[in-house]
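# Inside the fold
Chain by chain, the residues:
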Amino acid sequence: MARMLEDTSRTFAEYLLIPRLTRRDQRIDQIDLSAPLSRITPEKPLGLSINIPVVSACMQAVSGTDLAIALARQGGLSMIFCSQSIESQVAMVQKVKAHKAGFVTSGANIKPDAPLQAVLSLMNESGHSTIPVTDDGTSEGMFLGLITDQDFWEFEDDLTNLVSEHMTPKSEVIFGTEGISLREANRLLHKNKKDCLPILTQTGELAALVFKKDYVDHQKHPLELLDDGKRLRVGAAINTHDYRERVPALIDAGVDAVCFDSSDGFTEFQMDGLVWIRDHYGPELVIGGGNVVSAEGFDYLASSGLVDFIKVGIGGGSICITREQKGVGRGQASALLEVVARRDAYFEETGIYIPICSDGGLSNDTQIVMALAMGADFVMMGRYFAMTEESPTSKVSINGQMYKPYWGEGTARAQNWQRYSEGMSSRKMVFEEGVDAFVPLVGSVSEVLETTLHKLKSTMMNLGSDDLAQFRDQAVITQVSEQSIVEAGTANVFKFGRNRDFDESD
Ligand code: IMP
């Protein structure tokens, strides 16, 4: 007969934290948010860690190059999706590793003979107010000048006028030449009171742009996640079908960590993959396993001694319909609490600490805080990042509000890539495990993280914690009744406006 668990499947919204003593000497700006990614053993106490406890989900609509760069600059890590050919995933990893902090490839460019109307559309689509003018309208064309929203007035100037009549020509633009250091580029911006500095090749083609706002951003966020060669770190997702080809290619590209992207990692297929990768690449490569939702699943992966971190979560993702489609899954809080308890016992028994990643279903900042208090070392999020400027999808305007498309990896849309990829058997999809949706655009990665991390640190102050390990140890958690959930909201008042949170639905 089936075994019934005693507990009910619970989610983060059903819990609250009880404050502990806040010390006089605590300083919010000195709280340490770093988190381990590799397992910690007595022989190897220091492995790879991230500077903020956040990674982005292995998803097409989330972890592309721009997001990976933006997140690593804030101290987190992206897992570039594997639902694409090995070649294109490798190209993305290479692009992140080749990224020169501060030097940005221009994403919106225009030809000199385009009308002002086209500039206006480009500014609206891209959100950029400075557009380089190149002979062929590409990011690598011959640089001819700059046009900004200061160079023409939308309601005064004739929008059929040509860009060349309004732009600032190259002869009047302050620019740098390829090979210039970032420090020197920033010095030029500062000295000339400019917001944007084009960098040109020796022969005058556009090579990159340097922005004042990136300099300011860097000063505010000094936690960039860098490897020993001062390159940004990046992770990549792998699957249980083609790891023999994908992993070697990713390692050649310089990937810093890989993780299995699977809704159910309690499988012999995943174990075969772990064994093969360790046999071929030894203990140094950081490998994430999962997903699991039980102590049994954790034990299976952990006891192999092959895995670094383990992801927890089945069916909680915002675009996920696994629970409805298959009846498989578990409330994220229950899953996390059970796995963390087992992880801690395993540590007591063996001296080996396995970091836990809470994956999916975090729909507001409070839930991120709760996942970390319940024992996750870091969280993985899809929707949170799909809603940012840097996610790989294009903005869409719906009834005057800007949205971004967001779809699950278990949708036909995501899985269609196999049809176009040689060598992959095109397995027919019988049913979907995810949905295809839109999420509101909320801002840049640095903006959303600033709020989230500030809230996290503020809660850590409430609990008297200086780092995330203390936070987990000191957390006292209470389960709340339905009435308490009602009470937690505002009561009998009219709200004018609202705080910006990343959940528009709550
Ligand atoms: P979110 O942060 O709530 O949007 O959840 C993201 C997580 O959902 C991912 O990291 C995956 O674990 C999971 N996921 C991604 N695509 C699908 C899908 O199509 N079905 C079920 N779960 C998915």
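Further up the page is the structure itself.
I will try to describe carefully the structure that is included in this document. Just so it is clear, the structure is predicted and the values come from calculations on it, not from any experiment.

Calculation notes
- Residues numbered from 1 in each chain as written.
- Predicted model: local features only at pLDDT ≥ 70, side-chain atom pairs only at ≥ 80, totals over all residues.
- Helix = DSSP H or I, 4+ residues; strand = E, 2+ residues; numbered from the N terminus.
- Rg over C-alpha atoms; globule rule 2.2 N^0.38 Å.
- Buried ≥ 20, exposed ≤ 12 C-beta atoms within 10 Å, placed from the backbone.
- Contact = placed C-beta atoms within 7 Å.
- Pairing = 2+ DSSP bridges.
- Axes fitted to C-alpha atoms, helices over the stretch in contact; angles between N-to-C directions.
- Parallel < 35°, antiparallel > 145°, perpendicular 65-115°, else oblique.
- Left-handed = near helix turned anticlockwise from the far one by under 90°.
- Nonpolar A, V, L, I, M, F, W, Y, C, P; charged D, E, K, R; others polar.

## Comments concerning the overall build of the protein chain
A count of helical and extended segments in the protein chain gives 17 helices and 21 strands. Over its C-alpha atoms the protein chain spans a radius of gyration of 24 Å, differing by no more than 12% from the 23 Å that the globule rule assigns to 506 residues. With respect to the principal axes defined by its C-alpha atoms, the protein chain has extents near 80 × 60 × 50 Å. Counting the 506 residues in the protein chain, one finds 43% classified as buried. For the protein chain, the proportion of contacts with a sequence separation of at least 24, taken over those separated by at least 6, is 65%.

## A short note on the pairing of strand 5 (residues 77-80)
Because side chains alternate across strand 5, one face comprises the buried residues L77 and M79, and the other comprises S78 and I80, equally buried. For strand 4 (residues 54-56) and strand 5, the ladder comprises two bridges, and the chain directions are parallel. Bridge pairing in strand 5 links S56 to S78. Sheet topology places strand 5 next to strand 12 (residues 235-238); two bridges connect them, and they run parallel.

## Quick notes on unusual backbone geometry
Of note, the amide linkage connecting G290 to N291 takes the cis form, showing an omega dihedral of 10 degrees. Within the secondary structure layout, N291 lies in strand 14 (residues 286-292). At K193, a position not held by glycine, the phi torsion is positive, near 55 degrees. Turning to its location among the elements, K193 is positioned in the loop between helix 5 (182-191) and strand 10 (196-200). Located in the positive-phi region is N399, a residue other than glycine, with phi close to 50 degrees. Mapped onto the fold, N399 is located in the loop between strand 18 (396-398) and strand 19 (401-407).

## Section: the environment of T393
For T393, the position within the fold is in the loop between helix 13 (383-386) and strand 18. With 18 C-beta atoms counted inside 10 Å, the residue T393 sits in the partly exposed group. Residues T393 and A469, 76 residues apart in the sequence, show an inter-C-alpha distance of 36 Å. Each residue touching T393, except ones within four places of it in the same chain, is listed here: A61, K404 and P405.

## Let's talk about helix 9 (residues 295-302)
Among the residues of helix 9, G297, F298, Y300, L301 and A302 are the ones counted as buried. As for helix 9, its buried residues are in contact with strand 14, strand 15 (309-312) and helix 11 (332-350).

## Here's the deal with the packing of helix 9 against helix 11
Relative orientation of the contacting elements helix 9 and helix 11 amounts to 45 degrees, with a least axis distance of 8 Å. With respect to helix 11, the element helix 9 is oriented oblique. When you trace helix 9 past helix 11, the crossing you get is right-handed. Facing A295, F298, D299 and A302 of helix 9, the residues of helix 11 in contact are E338, V339, R342, R343 and Y346. In terms of residue class, the contact of helix 9 with helix 11 is built from five nonpolar, no polar and four charged.

So yeah, pure geometry; function would need other evidence.
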